[in-house]
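Commentary on secondary and tertiary structure
Letter by letter, the chains look like this.
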Amino acid sequence: MSAKIIDGKAFAATVREKVAGHVAHIKQERGITPGLAVVLVGEDPASAVYVRNKGKQTVEVGMASFEHKLAADTSEEALLALIEQLNADPEVHGILVQLPLPAHLNSDLVINAIDPAKDVDGFHISNVGLLGTGQKSMVPCTPLGCLMMLRDHHGSLSGMDAVVVGRSNIVGKPMAQLLLGDSCTVTIAHSRTKDLAEVVRRADIVVAAVGRPEMIPGDWIKEGATVIDVGINRVPGDAGKTRLVGDVDYASASERAGAITPVPGGVGPMTIACLLANTVTACCRANGLPEPE
Ligand code: NDP
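Residues numbered from 1 in each chain as written. Predicted model: local features only at pLDDT ≥ 70, side-chain atom pairs only at ≥ 80, totals over all residues.

A few points about the UniProt feature "domain: Tetrahydrofolate dehydrogenase/cyclohydrolase catalytic" (unreviewed entry) in the chain
Selection rule: UniProt positions are given in the numbering used here, feature names are shortened, and annotations may be inferred rather than shown by experiment. Helix and strand assignments come from DSSP, with helices taken as H or I runs of at least 4 residues and strands as E runs of at least 2, each series counted from the N terminus.
On the UniProt side, "domain: Tetrahydrofolate dehydrogenase/cyclohydrolase catalytic" (unreviewed entry) is annotated at positions that read residues 6-121 here. Secondary structure across residues 6-121 divides into 49% helix and 16% strand, with the first and last C-alpha atoms of the span separated by 24 Å.

Shown next, in the form of structure tokens:
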């Protein structure tokens, strides 16, 4: 069996198109331009690439992009002052602080300083609590993108056995909450899980969010299961170059899975598309407009 490839790149393009339509409508009806502020502290090269891509795509869908690049030694007070300023700025509907922050900054403190209504990453403790209790919240972008692809592929997820490998606050835990919200039977696996292979073999849906190149081999995948690979790992490639691989061994897993996301071109593009969608949602909520579906 050869798996259907879930094309996150193409799906993300349709999400962005819808976002662009909403943005145009909001501008025309209300004269409001949804705005996203991205804060980058320090010079982590991967973070700089993400921030550049986010800014570019924000502008492409017609939204305003406000980039704040701060020096690596920025003080917590200065960062919190910037967040306070962005919280109060009516032109800013979404605020994203690029993680990881330099070690001298307390990420929890910084994230929880963001107005929850503008917390388009969904990491503020209020949004985490709202999601956990099934209330309207800002949903973290990567798990939201994964859920959208799963819903698109399966329709209903009700009653399916889902295994999420990884329990980070950014991906694993919110992913599990979303799957539970869609009535899956959810297992969260992590580095202390006993016999991970057996746990994964039970799953109708596997979401891998570990950060270890190709650690899940094809023979762990149940025949016909759906595999969502969140991992982004850079490994040595041909001719001294590097290449990106996921947490799942794509070649062997796609022989057994019913459907699978590639890396790159799967979860990654959906994450930014969901960030744009969350910003439009935040703008609509702030202005009493109907929310996009
Ligand atoms: P974290 O490092 O925060 O979490 C990794 C998780 O994997 C932890 O819960 C850890 O368990 C678990 N883990 C580590 N080793 C094993 C193992 N041998 N067996 C089972 N579980 C293990 O990573 P993130 O959640 O932030 O990211 C995960 C991956 O997803 C990374 O590759 C990252 O680059 C990628 N990513 C991709 C995004 C996208 O847009 N596509 C967005 C965000 C992340 P424990 O808690 O016990 O230590």
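Additional details are given in the paragraphs that follow.
Thoughts on the confidence of the model for the chain
As a reminder, the rule being used: One number per residue, pLDDT, summarises how confident the predictor is, and it ranges from 0 to 100.
Of the residues in the chain, 100% have a pLDDT of 70 or more, and the chain-wide mean is 97. With a pTM of 0.97, the predicted complex shows an ipTM of 0.99.

Quick look at unusual backbone geometry
In the segment running from L99 into P100, the intervening peptide bond is cis, with an omega of 0°. Tracing the backbone shows P100 in the loop between β4 (94-97) and α4 (107-111). For the bond running from V263 to P264, omega is 0°, close enough to zero to count as cis. With respect to the helices and strands, P264 occurs in the loop between β11 (259-260) and α10 (267-286). Of note, S183 is a non-glycine position whose phi angle comes to about 65°, a positive value. Although it is not a glycine, E214 sits at a positive phi angle of roughly 50°. For E214, the location among the structural elements is in the loop between β7 (205-208) and β8 (226-229).

Considerations on the UniProt feature "domain: Tetrahydrofolate dehydrogenase/cyclohydrolase NAD(P)-binding" (unreviewed entry) in the chain
UniProt marks residues 140-285 with the feature "domain: Tetrahydrofolate dehydrogenase/cyclohydrolase NAD(P)-binding" (unreviewed entry), using the numbering shown here. Secondary structure content for residues 140-285 is 38% helix and 19% strand, while the C-alpha to C-alpha distance between its ends is 17 Å.

Here's the deal with the sheet that holds β4
So the rule is basically this: One requirement defines pairing of two strands: DSSP has to find at least two bridges between them. For helices, the fitted line uses only the C-alpha atoms of the stretch in contact; every axis is such a line through C-alpha atoms, and the angle between N-to-C directions lies from 0 to 180 degrees. By the criterion used throughout, residues are in contact when their C-beta atoms, derived from the backbone, lie within 7 Å.
The strand order β3-β2-β4 describes an open sheet built from three strands, whose pairing is parallel. The two strands at the open ends of the sheet, each matched to only one other strand, are β3 (64-70) and β4. Within the sheet, the average angular offset between the axes of one strand and its neighbour, ignoring direction, is 15°. Packing against the sheet, helix α3 (residues 76-88) makes contact with β2 (35-41), β3 and β4, and its axis sits at approximately 180° to β2.

Re the nonpolar core
Filter applied, for reference: Joined through C-beta atoms within 7 Å, a set of buried Ala, Val, Leu, Ile, Met, Phe, Trp, Tyr and Cys residues constitutes a nonpolar core. Three exposure classes are used, based on other C-beta atoms lying within 10 Å of a residue's own C-beta, which is placed from the backbone: buried for 20 or more, exposed for 12 or fewer, and partly exposed in between. Residue ranges assigned to each domain were obtained from an automatic or database domain assignment.
V164, V165, V206 and V207 are the most contacted members of the largest nonpolar core, which totals 88 residues. Top element by residues in this core is α10. It accounts for eleven residues. Here this core spans two domains, since at least three of its residues come from each of domain 1 (31-115) and domain 2 (141-268).

Things to note about the packing of helix α6 (residues 141-154) against helix α7 (residues 172-181)
The cut-off we apply is this: A clockwise turn of the near helix away from the far one marks a right-handed crossing, whereas an anticlockwise turn of less than a right angle marks a left-handed crossing. Residues were grouped as follows: Ala, Val, Leu, Ile, Met, Phe, Trp, Tyr, Cys and Pro as nonpolar; Asp, Glu, Lys and Arg as charged; and all remaining residues, including Gly, as polar.
Relative orientation of the contacting elements α6 and α7 amounts to 35°, with a least axis distance of 8 Å. Considering how the two elements wind past one another, α6 and α7 form a crossing that is right-handed. Across from P143, C146 and L147 in α6, the residues of α7 making contact are P174, M175 and L178. Class assignment for the residues of the contact of α6 with α7 results in six nonpolar, no polar and no charged.

Points about the site of the ligand
Defined as follows: Each residue receives a C-beta atom built from its backbone; the residue is near a molecule or strand if that atom lies within 6 Å of it.
As a matter of local geometry, the ligand sits amid 25 residues, with G166, S168, S191, G211 and T271 nearest to it. Among the elements that make up the shell around the ligand, the one with the highest residue count is α10 (three residues).

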